[in-house]
Every structure is written in structure tokens, then in C-alpha cells.
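# A structural walkthrough
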Amino acid sequence: MPQPQPTPSEPTRQMEPPDSAYEPYKPNSPEFRAAVDALRGMRQDLFHDAFAYRPLPRLGAHARLVRPLRGRMREWATWAPHAVITAFAVLAMLIAANSAMIGAGDNFVLGLLALVPVLLTMVRPVGAFWASMAATPVAAVVGSSWDSEWPWLPGAFACHLFVLTIVAIRTRPRTAAWMWALTAVYGVVVATFFDWGHSFGTNTAQLLSFSALILLAVSVWHIRREARQEVSAQQTVTAHERSRRTLLEERTTIARELHDVVAHHMSVVAIQAEAAPYRVENPPEELERAFATIRENAVAALTELRRVLGVVRAEDYEAPDAPQPTLAELDGLLANVRNAGLSVDKTTTGAIRELPQGVELSAYRIVQEALSNTLRHAPGAGAKVEVSYVLGGLGLRIVNDPPPNPSLVKPSPGAGHGITGMRERVTMLNGEMTAARTDEGGYEVTVFLPVAAASEGEA
């Protein structure tokens, strides 16, 4: 089908290029981005807030230099960095004031030009670098002679070297690199265009060589310090995660152990509920339904309990064949510990009575873990176990003597489950626990596990 042609009176429309065709060219090469980032870094390090007030902090109480000192010497030692910088400033001043055979007034000016920038590093580090750069040409004009070094007079040489070192220590390696580069640019420009016929030539190469070695050493120190800080932070995180994992493992272990106790009680409830109607002649229908409901609920609770245990049970976990231990088996535990070489005595006070199985199991495990810690951390020491049956519950006290030969004590390879597990068991039973070293150098664990008093009907 033929297309209609535009009439001569209608202007012909032309396709306009997209707006993106008029956008300026944006180079995206890695070299260009690196150069832009470098210039941005130089502006951030050397020009942005160059004269900001950043006082040099005193040494902390845990610094290696301060820690062994006491009294007033300890307080004075915290000012050690300020004293060192002041000593460098005085040294630079003496070098500047005695480097040229000129008038006393000019030597005084040279000394101030070398003193002030070094002292300024204690409060305005980046500003001290610019002050040293500004003082260098002034010193060259005041103290210059035909046989003097150029463009860095001895005082300016020492002052700038000290400033570069101190500022590099106080800032970061990137800032030190920019300061070194600007120093090189200044030295090359002055030596090229403002030589003025000095016989000894330029000493910029010597300054750059010395400063490069010093800044390299400072950069390595910065890297090592940051690496130590990262390792310390990672160790802190790892210790926290290990503590959480230990806590969860202990709770899982307690849940597994208490499963047998709770399952036994629920099974007894179900069996008694099923057998109860047969003990009554012609029991009412309502009573039979009530006991049937009790049995169904007990069986359902036992099923849910086994399902929960399956969640917290590890794949390689094997259920114990023997019943869970109680305080009645405590003598057997002490016999095994004595066979392992630990001298332990047991004392029981109060009227011995049967306690809830959960309390008996937890008390047995607490004594077991406390004696195991004694074997690991105090080999050869004696121990005492006190079991107190009181009106409101059960008291435990496990104390060991200090090790007779501390050099034989080796770091324990365990993950710190002992105290954590004991505290979890005590917390579960709403009890109280203390674990601390004794005045004699041993260790003591005291525990109180509350037990509700039996009602008259239960009695």
C-alpha cells in the first residue's frame, strides 16, 4: 500500500540525537580514577583542616613504659612523648643557632625557625609540616652564604626531618607519603630555578634519602600496630563466640540429661492415669473420662518432649544405658577421684532426705565438675566436699588447696565448660553460686539449690 507523501507546505521533521550525545566526555580509565583519588587524598590529608587542634595525648596507665612505675614517677612517665619532642625541638634549635657565622640576632631567628615547627607537632601536626616548609626558605635567606648548604640549612634540615618523622607517627602512612612528595617537589624546584651559584650544590637528595628510610620504618610500625589491633579485635570476637557456643552446648547437655527425669515422671503419670479407674469398683463415667484425658495429655506431652530432644540432640549422641546419677552415687564418684590421685574428704550435715531428681542430678554434676577442675588446675592438692541438707534446700561446698608445685600446672585445653555448666545448672534451679580463689591460693565453689518444702498432704 503506497505511503502518503508530505506536502510541500509541511516542514520535514528530522530525527534529533538523544540527550546523551551532548553529555561531556567522562573518562573512566583506572589511571584517571587513581589520579583523582590521589589528589582527593592529598587535599584531605594536607589541606583540609590543616591547622586543626589535635593535642598529643599522654601515655595510658597500661603503656609499657608506665606500667612498672609507681607514684609520682608513674605520672611523670605519661608525659614522655612530649618530653621527647621537646628535646628534638631544642636539638634542632641548637643546630640552627650554631650552624652559621653570622650575627647573634640572625642566629636567634634561625633557632626560632627550627624550634617552633617541631614544638607545633604536639598540637597541630599537619600545620607543623606547613610551618616547616614556610620556615625553610626564610632560614635560607637569613642564614645563607656562598659556602652554605642549599636549600636546606643545617637547622632547617634537622627541623624538617624531625617534623616529617613526628607527623608521620601521629598521622598515617599516606599523609607521610604526601609530605615526602611535596618536600621533593620543593627541593627540585629550588635547586633548579634558584640555585644562585652555591658551590656545594643541593642537599635535597640527602634529606629525601634520610626521610625515606625513616618514613618507611614508621609506615612498617603503623602496619604492625594496625595488624595487632585487628588481631586483638578478632580474638575478642572469637572469645565471645566461643563463650556463646559453650553456653549453648552446656544448655543442650542439661536438656538431654533432664529428659530422662521428666520422661520418667510423665510415663508414671500416664500409667497411673490408665490404671486408676480399675482400682475403684464401678467408677463413675466422669472419673473414667477424666483419667483418660490425663493419660492422653501425658502421652502427648511425652511425645512432644521426645521431639524437642531430637532437635537438640547431636547426630553422634548416644543415650546412656544407665539411669542418671544422684547424690546416692556420690561416694562412688569420690572413690574414682581418689584413684586418680586426688585426696578428697566428704562431710555431710543435716538430715539426709530424698530430693527431686533434677536437684540430685545437678548437685552430682556440680561436684563432679568441681573435682575435675581440681585435677586439671591443682594437681596434687587436697579437696573437701561438704553436702548440707538444710530446711530450704541443699548446700554444696567444694574447696581445694593450692597446688603444691605450680610449675606442673599446664594450661587446660578445654573450652571453659566447667564454671559455665555449673552456673547454668544453678540458674535453672533458681539457686545461688559463687566461685572464687581462696586467701590461701586454692579455689572454692559454693552452691545453694532451693527445694520447695513438702506440703502436709504430700507428707
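Residues numbered from 1 in each chain as written. Predicted model: local features only at pLDDT ≥ 70, side-chain atom pairs only at ≥ 80, totals over all residues. Heavy atoms only, no water.

### A word on the overall build of the protein
When its secondary structure is counted, the protein shows 12 helices and five strands. By sequence separation, contacts in the protein at least 24 residues apart represent 72% of the contacts at least 6 residues apart. Within the structure as shown, the protein displays about 29300 Å² of accessible surface, and the carbon and sulfur contribution to it stands at 60%. (Helix = DSSP H or I, 4+ residues; strand = E, 2+ residues; numbered from the N terminus. Contact = heavy atoms within 4.5 Å. Areas by Shrake-Rupley, 256 points an atom, 1.4 Å probe, with all protein chains shown as cover.)

### A look at a positive patch on the surface
On the surface, a cluster of positive charge is made up of Arg-64, Arg-67, Arg-224 and Arg-228. Among the residues examined, Arg-224 registers a relative accessible area of 53% and is labelled exposed. (Patch = residues over 30% accessible without salt bridge, like charges linked within 9 Å, V, L, I, M, F, W, Y side chains within 5 Å. Salt bridge = Lys/Arg side-chain N within 4 Å of Asp/Glu carboxyl O. Lys, Arg positive; Asp, Glu negative; His and termini not counted. Charge placed at Lys NZ, Arg CZ, Asp CG, Glu CD. Buried < 20%, exposed > 50% of the residue type's maximum accessible area, 1.4 Å probe, protein only.)

### So, the packing of aromatic side chains
The tally for this structure, following the rule as stated, stands at five aromatic pairs. Ring geometry for Phe-157 versus Phe-210: centroids 6.4 Å apart, planes at 85°, classification edge-to-face. Of this pair, Phe-157 sits in helix α6 (residues 154–170) while Phe-210 sits in helix α8 (residues 204–275), and the two are 53 residues apart along the sequence. Connected via pairs of aromatic rings, a cluster forms that spans Phe-47, Phe-129 and Trp-130. (Phe/Tyr/Trp six-rings, centres within 6.5 Å; stacked < 30°, edge-to-face > 60°.)

### As for the confidence of the model for the protein
Here the protein averages 80 in pLDDT, while 80% of its residues score no lower than 70. Per-residue pLDDT stays below 50 along residues 19–23; that stretch engages in one contact with residues further than four places along the chain or on separate chains. (pLDDT = per-residue confidence, 0-100.)

### Considering the layout of surface pockets
Reported here for the largest pocket is a volume of approximately 530 Å³. Taken together, 16 residues line the largest pocket, and the ones lying closest to its centre are Leu-56, Leu-59, Pro-81, Ile-169 and Trp-221. Elements represented by at least two residues in the lining of the largest pocket include exactly α3 (80–97), α6 and α8. For the lining of the largest pocket, the leading source of residues is α3, giving five residues. When the residues that make up the lining of the largest pocket are grouped by side-chain class, the tally is 13 nonpolar, no polar and three charged. (1 Å grid on protein atoms, 1.4 Å probe; cavity = no way out; pocket = protein on both sides within 12 Å on 5 of 7 lines; lining within 4 Å. Points joined across faces, edges and corners; volume = space filled by probe spheres on them. Nonpolar A, V, L, I, M, F, W, Y, C, P; charged D, E, K, R; others polar.)

### Describing a nonpolar patch on the surface
On the surface, Val-84, Phe-88, Leu-91 and Ile-95 cluster together to form a nonpolar patch covering roughly 300 Å² of accessible area. Tracing the backbone shows Phe-88 in helix α3.

### Focus on empty space enclosed by the protein
Applying the stated criterion across every chain, the model contains one cavity of 30 Å³ or more. Taken together, 13 residues form the lining of the largest cavity, with Leu-110, Ala-114, Ala-139, Gly-155 and Ala-156 sitting closest to its centre. Broken down by secondary-structure element, the contributors of at least two residues to the lining of the largest cavity are α4 (104–120), α5 (125–143) and α6. In terms of residue class, the lining of the largest cavity is built from nine nonpolar, four polar and no charged.

### Digging into the nonpolar core
Judged by nonpolar contacts, the single largest core of 40 residues is most densely connected at Val-118, Val-163 and Met-179. Elements with a contribution of two residues or more to this core: α1 (30–47), α3, α4, α5, α6, α7 (173–193) and α8. No other element matches α6, which puts 10 residues into this core. Residues contacting Met-179, with those up to four places away along its chain left out, are Leu-46, Phe-129, Leu-164, Val-167 and Ala-168. Listed in part, the 31 residues of the second largest apolar core include Tyr-364, Leu-394, Leu-396 and Ile-398. (Core = buried A, V, L, I, M, F, W, Y, C linked by side-chain atoms within 4.5 Å.)

### With respect to the environment of Met-122
When you line up the elements, Met-122 lands in the loop between α4 and α5. Considered as a pair, Met-122 and Leu-56 are 66 residues apart in the sequence and their alpha carbons are 5.1 Å apart. Not counting residues up to four positions away in its chain, the partners in contact with Met-122 are Arg-54, Pro-55, Leu-56, His-82, Ile-85, Thr-86 and Arg-170.

### Some thoughts on the sheet that holds strand β5 (residues 443–450)
Pairing in this open sheet of five strands is mixed, and the strands run β1-β2-β3-β5-β4 from one edge to the other. Each edge of the sheet is formed by a strand with only one pairing partner; in this case those strands are β1 (344–349) and β4 (432–437). With direction set aside, neighbouring strand axes in the sheet form an average angle of 10°. Here β4 runs beside β5; their pairing, made up of six bridges, is antiparallel. Within β5, the residue paired with Met-433 across the bridge is Val-447. Lying on the sheet, helix α10 (residues 330–339) is in contact with β1 and β2 (383–390); it crosses β1 at an angle near 160°. (Pairing = 2+ DSSP bridges. Axes fitted to C-alpha atoms, helices over the stretch in contact; angles between N-to-C directions.)

### Thoughts on the pattern of salt bridges
Counted according to the given criterion, the structure contains seven salt bridges. Of the charged contacts in the structure, one is a salt bridge between Glu-285 and Arg-289, with a shortest N-O distance of 3.0 Å. Linking Glu-285 with Arg-289, this pair stays in helix α9 (residues 285–312), spanning four residues, or about one helical turn. With a relative accessible area of 54%, Glu-285 lands in the exposed category. Given the relative accessible area of 45%, Arg-289 is considered partly exposed. As a salt-bridge pair, Glu-444 and Arg-397 come within 2.7 Å of each other at their nearest N and O atoms. Placement of the pair is Glu-444 in strand β5 and Arg-397 in strand β3 (residues 393–400), with a sequence separation of 47 residues. Residue Glu-444 is classed as partly exposed on the basis of its relative accessible area, which comes to 23%. With relative accessibility at 26%, the residue Arg-397 sits in the partly exposed group.

### Description of the side chain of Thr-374
Structurally, the position occupied by Thr-374 is in helix α11 (residues 357–377). Once residues within four sequence positions are removed from consideration, Thr-374 is found in contact with Leu-342, Pro-379, Ala-383 and Asn-400.

### Description of the pairing of β1
Two strands pair when backbone bridges link them, and β1 and β2 are joined in this way by six bridges, in the parallel orientation. Its bridge partner being in β2, Asp-345 is matched across the sheet by Lys-384. Running through α11, the crossover from β1 to the neighbouring parallel element β2 is left-handed. (Right-handed = clockwise from strand over helix to strand, strands pointing away.)

### A short note on the packing of α10 against α11
A pair of packed helices is captured by two measures, namely the crossing angle of their axes and the spacing between those axes. Between α10 and α11, the least distance of the axes is 11 Å, while the angle of their chain directions is 10°. Put simply, α10 runs roughly parallel to α11. In this structure, α10 uses Leu-330, Leu-333, Leu-334 and Val-337 to contact α11, whose residues at the interface are Tyr-364, Val-367, Gln-368 and Leu-371. Looking at side-chain class alone, the contact of α10 with α11 contains seven nonpolar, one polar and no charged residues. (Parallel < 35°, antiparallel > 145°, perpendicular 65-115°, else oblique.)

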